[in-house]
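Here is what each chain is made of, one letter per residue.
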Amino acid sequence: MPIAAPLRRLLLATAALALPAAAQAHPHVWVTAKAEVAYDGGRVAGIRHTWRFDASYSAFVTQGLDTNGDGKLSPEELQGLATENTTNLAEFAYFTKLKVAGRDQAFADPREARMNMDGDRLTLSFLLPLKAPATQGKGVAALEVYDPTYFVSFSLAEGADAVRLPGAAAGCTTTVTRPKNAEPAVAEAGKSMSEAMFEALTSASNYGEQFANRAIVACP
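Values in this document were obtained by computation on a predicted structure and should not be read as measured data.

**Describing the state of the cysteines**
Next, step 1: Taken as a whole, this structure holds one disulfide when the rule is applied.
Next, step 2: Two residues share a disulfide in this structure: Cys172 and Cys219, whose sulfurs sit 2.0 Å from each other. Because the torsion about its S-S bond is 115 degrees, the bridge between Cys172 and Cys219 counts as right-handed. Here Cys219 lies in the segment after β11 (213-218) and Cys172 lies in the loop between β9 (163-164) and β10 (173-177), a separation of 47 residues in the sequence.
Next, step 3: Given a relative accessible area of 14%, Cys172 falls into the buried group.

Structure, rendered in structure tokens:
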């Protein structure tokens, strides 16, 4: 069950029955994210994501997946969900934007999708390779992670490992900027931001950009 349009409808219907107040608020899913900007031979080769979902979403999306009935969810039982999630995120460009030396980068199909349960939280990890490795040189690599529709709220994890640089040249540094806005921007006086407005947002929308997490990688 992917984090895309079909899931939005199902999750909203479930939330409306169980939590009427919550069903009227955005976002609906919360993710604590970590990322690796992967280098190969000095060039940027891709992004490896690790996304830890909130407990409510984790419980909802894993219903019925304990196929052997042992009360635990193994990576094998979660593999189908991991593959489906990453595949269906293509419409939203995997909630990821990357510029290297000022140029927008295109992504190939995701690889190495895995899921596991840590307590009551579901974690998804996957490699998002570039279609072609990009030379950074003395320029910067600029990574943004966000949902343009703000259905999913991303927050970069705290700590030095929020964005790592495996394979980068010595001396490369990372500057992380988290969104200043914790809640949707207040609408103009007399106007409300209804659920219908959010439902009308698409992958081409830019509303969620105000909540983007950004990492700037500079190399000598």
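**A short note on the UniProt feature "domain: EF-hand" (unreviewed entry) in the protein chain**
Next, step 1: According to UniProt, the positions carrying the feature "domain: EF-hand" (unreviewed entry) are residues 65-88.
Next, step 2: Helix and strand shares over residues 65-88 are 58% and 0% respectively, and the end C-alpha atoms of the span are 19 Å apart.

**With respect to the sheet that holds strand β4 (residues 103-104)**
Next, step 1: Pairing in this open sheet of five strands is antiparallel, and the strands run β4-β3-β7-β11-β10 from one edge to the other. Whereas interior strands pair on both sides, the edge strands pair on one side only; in this sheet they are β4 and β10.
Next, step 2: Bridging between strand β3 (residues 96-100) and strand β7 (residues 140-145) involves five bridges; their strand directions are antiparallel. If you follow Leu98 over to β7, its bridge partner there is Leu143.

**Some remarks on the packing of aromatic side chains**
Any two aromatic rings considered together are summarised by their centre-to-centre distance and by the angle between their planes.
Next, step 1: Tallying each qualifying case throughout the model produces seven aromatic pairs.
Next, step 2: Considering the side-chain rings of Trp51 and Phe126, the 5.2 Å spacing of their centres and the 90 degrees angle between planes classify their relative orientation as edge-to-face. Of this pair, Trp51 sits in strand β2 (residues 43-53) while Phe126 sits in strand β6 (residues 121-135), placing them 75 residues apart in sequence.
Next, step 3: Exposure remark for Phe126: the relative accessible area of 0% places this residue in the buried category.
Next, step 4: Here the aromatic cluster, defined as three or more aromatic residues joined through ring pairs, consists of Trp51, Phe92, Tyr94, Phe95, Phe126 and Phe154.

**Quick look at the pattern of salt bridges**
Next, step 1: Tallied over the full model, the rule gives seven salt bridges.
Next, step 2: Among the ionic pairs, Arg164 bridges to Glu36, the shortest N-O distance being 2.5 Å. Here Arg164, found in strand β9, pairs with Glu36, found in strand β1 (residues 29-40); they are 128 residues apart in sequence, far enough to count as distant.
Next, step 3: Classification of Arg164 as partly exposed rests on a relative accessible area of 39%.
Next, step 4: We note a salt bridge from Arg178 to Glu158, for which the minimum N-O separation is 3.8 Å. On the criterion of sequence distance, the pair formed by Arg178 in the loop between β10 and α4 (195-199) and Glu158 in the loop between β8 (152-156) and β9 is long-range, its members being 20 residues apart.
Next, step 5: When its relative accessible area of 30% is taken as the criterion, Arg178 is described as partly exposed.
Next, step 6: The exposure class of Glu158 is exposed, given its relative accessible area of 63%.
Next, step 7: Each of the salt bridges in this network shares a partner with another, and the network as a whole consists of Glu36, Arg48, Glu112 and Arg164.

**Notes on the nonpolar core**
Next, step 1: By size, the foremost hydrophobic cluster in this structure holds 43 residues, and its most contacted members are Val37, Trp51 and Phe53.
Next, step 2: Residues in contact with Trp51, not counting those within four places in the same chain, are Val31, Thr32, Ala33, Leu89, Tyr94, Phe95, Leu122, Thr123, Leu124, Phe126 and Phe154.

**Overview of helix α3 (residues 75-88)**
Spacing of three or four residues puts side chains on the same side of an α-helix, whose turn is 3.6 residues.
Next, step 1: With 14 residues, α3 should cover 20 Å at 1.5 Å per step; its first-to-last C-alpha distance of 19 Å lies within 8% of that length.
Next, step 2: Of all the bends found along α3, the most pronounced is centred on Leu81 and spans about 25 degrees.
Next, step 3: Regarding α3, the residues found buried are Glu77, Leu78, Leu81, Ala82, Asn85 and Thr86.
Next, step 4: Buried residues belonging to α3 abut α2 (55-61), β5 (111-118) and β6.

**Regarding unusual backbone geometry**
Next, step 1: Despite not being glycine, Ala93 shows a phi value in the positive range, around 55 degrees.
Next, step 2: Of the residues examined, Ala93 reaches a relative accessible area of 36% and is grouped as partly exposed.
Next, step 3: The residue Tyr150 is not glycine, and still its phi comes out positive at about 60 degrees.
Next, step 4: Structurally, Tyr150 is set in the loop between β7 and β8.
Next, step 5: Overall, the relative accessible area of 3% leaves Tyr150 in the buried class.

Calculation criteria
Residues numbered from 1 in each chain as written. Predicted model: local features only at pLDDT ≥ 70, side-chain atom pairs only at ≥ 80, totals over all residues. Heavy atoms only, no water. Disulfide = S-S within 2.5 Å. Helix = DSSP H or I, 4+ residues; strand = E, 2+ residues; numbered from the N terminus. Buried < 20%, exposed > 50% of the residue type's maximum accessible area, 1.4 Å probe, protein only. UniProt positions renumbered as here; feature names shortened; annotations may be inferred. Pairing = 2+ DSSP bridges. Phe/Tyr/Trp six-rings, centres within 6.5 Å; stacked < 30°, edge-to-face > 60°. Salt bridge = Lys/Arg side-chain N within 4 Å of Asp/Glu carboxyl O. Core = buried A, V, L, I, M, F, W, Y, C linked by side-chain atoms within 4.5 Å. Contact = heavy atoms within 4.5 Å. Expected span 1.5 Å × (residues − 1). Bend = angle between axes of the 7 residues up to and from the residue.

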